[in-house]
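Spelled out, the chains give:
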Amino acid sequence: MEDDEGTIKLVSKEGDEFKVSIEVAKVSELVKTMIEEEGDDGEHEIPLPNVKATVLAKVIDFCSRHAREPMNEIEKPLKSGIMSDLVEKWYAQFIDVEQVLLFELVLAANYMDIKPLLDLSCAAVASMIKGKSAEEIRKIFNISNDFSPEEEAQVREENKWCEES
């Protein structure tokens with residue numbers, strides 16, 4: 001692995017600064033591109049206005065680990081709804097978070113272009129709904145059903161093939 005020297009400051013939405021190694025920061029394709037565009041003119045400061053400080057701290061934790069010990073690629077479709085069956089123990093524990101933080105990690109990974117974190121966080125969301133009925137999924141994500149019973153019956157009939165194994 002290329003050993004990039006130096007550090008960089010990542011600045012959260014709230015203005016909190018996180019000093020990280022360039023190697024760790026470059027796990028994010030967005031940050032990597034910004035570093036390359038700025039050139040090598042000393043210490044870089046990268047603003048990340050779409051990422052809250054609490055989420056950025058978690059993202060940096062992931063990137064630090066991934067830079068040292070990359071996560072195995074997650075097989076698709078998911079063979080299990082249990083994250084520890086899909087990824088290494090550290091990554092399964094890392095992504096075992098509250099639903100709000102999980103969704104913020106999905107958004108941050110997408111914004112910062114961190115494919116392994118996006119794959120991990122999306123797999124965690126997918127594992128939450130794997131094998132669940134529409135009603136159970138609505139309950140998990142607090143989604144109200146805006147179909148009348150007749151409309152729901154019609155949609156189920158039209159999409160019966162989806163539920164066949």
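Quick look at the structure, then. (Residues numbered from 1 in each chain as written. Predicted model: local features only at pLDDT ≥ 70, side-chain atom pairs only at ≥ 80, totals over all residues. Heavy atoms only, no water.)

As a further point, take the overall build of the protein. Across its full length, the protein holds ten helices and three strands. Along the protein, helices (α) and strands (β) appear in the sequence β-β-α-α-β-α-α-α-α-α-α-α-α when read from the amino end. Over its C-alpha trace the protein gives a radius of gyration of 20 Å, far above what one expects of a compact globule, namely 15 Å for 165 residues. Based on the C-alpha atoms only, the size of the protein along its principal axes is roughly 65 × 30 × 25 Å. Per-residue burial for the protein yields a buried fraction of 35% across its 165 residues. (Helix = DSSP H or I, 4+ residues; strand = E, 2+ residues; numbered from the N terminus. Rg over C-alpha atoms; globule rule 2.2 N^0.38 Å. Buried < 20%, exposed > 50% of the residue type's maximum accessible area, 1.4 Å probe, protein only.)

On to helix α3 (residues 53-68), then. If you check α3, its first and last C-alpha atoms are 23 Å apart, about what 16 residues at 1.5 Å a residue would give, namely 22 Å. Those residues of α3 that sit buried are Ala53, Val55, Leu56, Lys58, Val59, Ile60, Phe62, Cys63, Arg65, His66 and Ala67. Those residues of α3 hidden inside the fold are in contact with β1 (7-11), β2 (17-21), α1 (22-25), α5 (89-94), α6 (99-112) and α7 (115-129). (Expected span 1.5 Å × (residues − 1). Contact = heavy atoms within 4.5 Å.)

Take the packing of aromatic side chains next. For the structure shown, the criterion picks out five aromatic pairs. Between Phe62 and Tyr91, the ring centres sit 5.6 Å apart and the planes meet at 65°, which makes this aromatic pair edge-to-face. Residue Phe62 is found in helix α3, and its partner Tyr91 is found in helix α5; the two are separated by 29 residues along the sequence. Summarising the burial analysis for this pair, Phe62 and Tyr91 share the class buried. Taken together, the ring pairs in this structure connect Phe62, Trp90, Tyr91 and Phe94 into an aromatic cluster. (Phe/Tyr/Trp six-rings, centres within 6.5 Å; stacked < 30°, edge-to-face > 60°.)

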